[in-house]
Amino acid sequence: MANRRVVIDPITRIEGHLRIEVEVDENNVVQKAYSSSTLWRGIELILKGRDPRDAGLMAQRICGVCTYSHYKAAIEAVENTLGVEPPYNAKLVRSLLNESLYMHDHMVHFYHLHGLDWVDVVSALSADPKRASELAFTYSDSPIATGTDELSAVQQKVKSFVEKGQLGPFANAYWGNKSYRFSPEQNLIALSHYLKALELQRVAAQMFAIFGAKQPHPQSLVVGGVTCVRDILSPTRLAEWKTKYETVKDFIDRAYYADIVMAAEAYGSEASVLGGVGVKNFLSAEAFLLNRTESLFQSGYIKNGDITKVYDIDEMKIEEDVTHAWYKGEKPLQPYEGVTEPEYTGFIDGDTVNGKAQVLNEKDKYSWVKAPRYDKEAMEVGPLACLLVNYGRGNEKVQKAVNDFLKRTGLPVAALFTTLGRTAARMLQTKLISDNAIITFNSLVENIKTDDTTYTKFEIDPDKEYKGRFIGEAPRGTLSHWVRVKNGVIENYQAVVPTTWNAGPMDGAGKVGPYEASLVGLKLEDPTKPLEVLRVIHSFDPCMSCSVHVMDIKGVEISAFKVNPLSSGAAG
């Protein structure tokens, strides 16, 4: 029997537009997979010809979720380009903002984006709240939002949604799928935390905004430093940040950590989450300044899943391939020389499990995402890569966190190289950041007692050519921005983002990226309800770019816009 094609478009509960197609055999096992971002905007082109000091405010529009990541990356890429060294206070504030972002972003990802791949909301309606309340103490000595009365209230609230036929965020899911493994009581615990996290994410956003001015799209970074001077010199504002930080950290410790321990127990034998790591090369960058001499995470990469050997990154070995991406180009290019010129070739007619439809043409170009490679090899980036690289580096904080979790759950080290391991790694990274952010905070408080400098002056010589970059970490993994400046303006700008590393299509050598490789071998219970695919893909926390044309599931164009990215207006 010929393989059958399953199309999931759009993948929901992510940022942006992602389409996944898989080919399954007669046993519903995935044989091939194709990842495609179907929308494009071209921020890199918009930045050409602009004043480099404005790059941060424009680049943060690359994403509506991790806006700070691109803001900071652009600012620091320009600083590297111009040879500007910001003051120590500015570096600490930027690190505090990054720590605040991660605590917010990872919490929202698990509970509100990825959680429903693990939690069967309908099952929670049949749970015994008293038994669930008692069970919660198995995973935490002092669980949050799991009293019998609280769980009963959660149950009644969701039941009222069901009775009214207004499921809201719980609609159109694959409830009852056999790969769900939580008991009704475990589902109720996680559902309660889902609702509680809606409250906590607001506090986390407020925590970020104390030094960032607002969240999303912060305003307090400039090339050379930061502008939140009055905030960092105010004891009241400092105390406010610390109070909100302690509130969010408490939830991470008593709910998020506990729920992943619960997931490890329930899903430890579920085949669909014990694979999902097809590319076993991992790359991660340095991140989170704690004091003058120490960062929380170090950089490096590992090959073939061997954490006993960690190699230093040679940035000139980073390239982007566009063989199967909707861009013009004949060979892989290092980002300094990168070109972003669209060449859209469209879809083709095909058969799917849901009937005839427009499908990706995997033999030609099929995605707006490029295919980054390090030394010609695909690399996974993200929290799992960060932990594996730092575990191999001998980072004591990371080794302790990972070893404690493995001991608590009884999982082997090999379990890290799975969908379950990737999900656990994001939680462990969050806990490491929340445990150590207070060190950054205390470093700032101590330094401002004798030094209130927040900005370094600089000049741009219009007769000089500059080149520089930023390489660091964002919530979804390694992020780099690459800049060339000529005649006082940006001549070329390239951003190699985490999801590009993970979601990129096949390269010219026939090597697939992490998304596509992670799905091969996955068995689906029902190809028309591919929960298993969603669970694997969501574990990466996709963050796709926005764009200027939209198609429906049949490939029919809903609307199209032609935009000149180098002008202030659009031509339709």
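Residues numbered from 1 in each chain as written. Predicted model: local features only at pLDDT ≥ 70, side-chain atom pairs only at ≥ 80, totals over all residues. Heavy atoms only, no water.

1. A look at the sheet that holds strand 16 (residues 489-496)
Each strand in a sheet pairs with another by means of backbone hydrogen bonds, the pair being arranged parallel or else antiparallel.
No. 1: On the basis of which strands lie adjacent, the open sheet formed by 3 strands has the order 14-15-16 and antiparallel pairing. The two strands at the open ends of the sheet, each matched to only one other strand, are strand 14 (466-474) and strand 16. Each neighbouring strand pair of the sheet contributes to a mean axis angle of 15°, computed without reference to strand direction.
No. 2: Looking at chain direction, strand 15 (residues 477-486) and strand 16 are connected through 7 bridges and run antiparallel. Note on strand 16: the bridge partner recorded for Ser480 is Val496.
No. 3: Its contacts with the sheet place helix 3 (residues 67-82) against strand 14, strand 15 and strand 16, and it is angled at close to 145° to strand 14. (Pairing = 2+ DSSP bridges. Helix = DSSP H or I, 4+ residues; strand = E, 2+ residues; numbered from the N terminus. Axes fitted to C-alpha atoms, helices over the stretch in contact; angles between N-to-C directions. Contact = heavy atoms within 4.5 Å.)

2. Considering the sheet that holds strand 1 (residues 4-8)
No. 1: The sheet built from 3 strands is open, its strands ordered 1-2-3 with antiparallel pairing. Where the open sheet ends on each side, the last strands, each with one partner, are strand 1 and strand 3 (30-37). Strand-to-strand twist of the sheet, defined as the mean angle between neighbouring strand axes without regard to direction, takes the value 15°.
No. 2: Bridge analysis of strand 2 (residues 18-24) against strand 3 gives 7 bridges, and the strand direction is antiparallel. Each residue of the ladder has a partner; that of Ile20, found in strand 3, is Ser35.

3. Examining the packing of helix 11 (residues 383-393) against helix 12 (residues 396-409)
No. 1: Where helix 11 contacts helix 12, the axes come no closer than 8 Å and their chain directions differ by 115°. Of the possible angle classes, the one that applies to helix 11 and helix 12 is roughly perpendicular. Like other packed secondary-structure pairs, helix 11 and helix 12 cross with a definite hand, here left-handed. Residues Leu387, Asn390 and Tyr391 of helix 11 touch helix 12, and the partners they reach there are Val398, Gln399, Val402 and Asn403.
No. 2: A class-by-class count of the residues in the contact of helix 11 with helix 12 yields 4 nonpolar, 3 polar and no charged. (Parallel < 35°, antiparallel > 145°, perpendicular 65-115°, else oblique. Left-handed = near helix turned anticlockwise from the far one by under 90°. Nonpolar A, V, L, I, M, F, W, Y, C, P; charged D, E, K, R; others polar.)

4. A closer look at the layout of surface pockets
No. 1: Of the volumes computed, that of the largest pocket is approximately 830 Å³.
No. 2: Along its surface, the largest pocket is lined by 29 residues, and Lys72, Glu76, Glu286, Phe470 and Ile471 are the ones closest to its centre.
No. 3: Breaking the lining of the largest pocket down by element, the ones donating at least two residues are helix 3, helix 4 (88-114), strand 7 (287-289) and strand 14.
No. 4: For the lining of the largest pocket, the class distribution of residues is 10 nonpolar, 7 polar and 12 charged. (1 Å grid on protein atoms, 1.4 Å probe; cavity = no way out; pocket = protein on both sides within 12 Å on 5 of 7 lines; lining within 4 Å. Points joined across faces, edges and corners; volume = space filled by probe spheres on them.)

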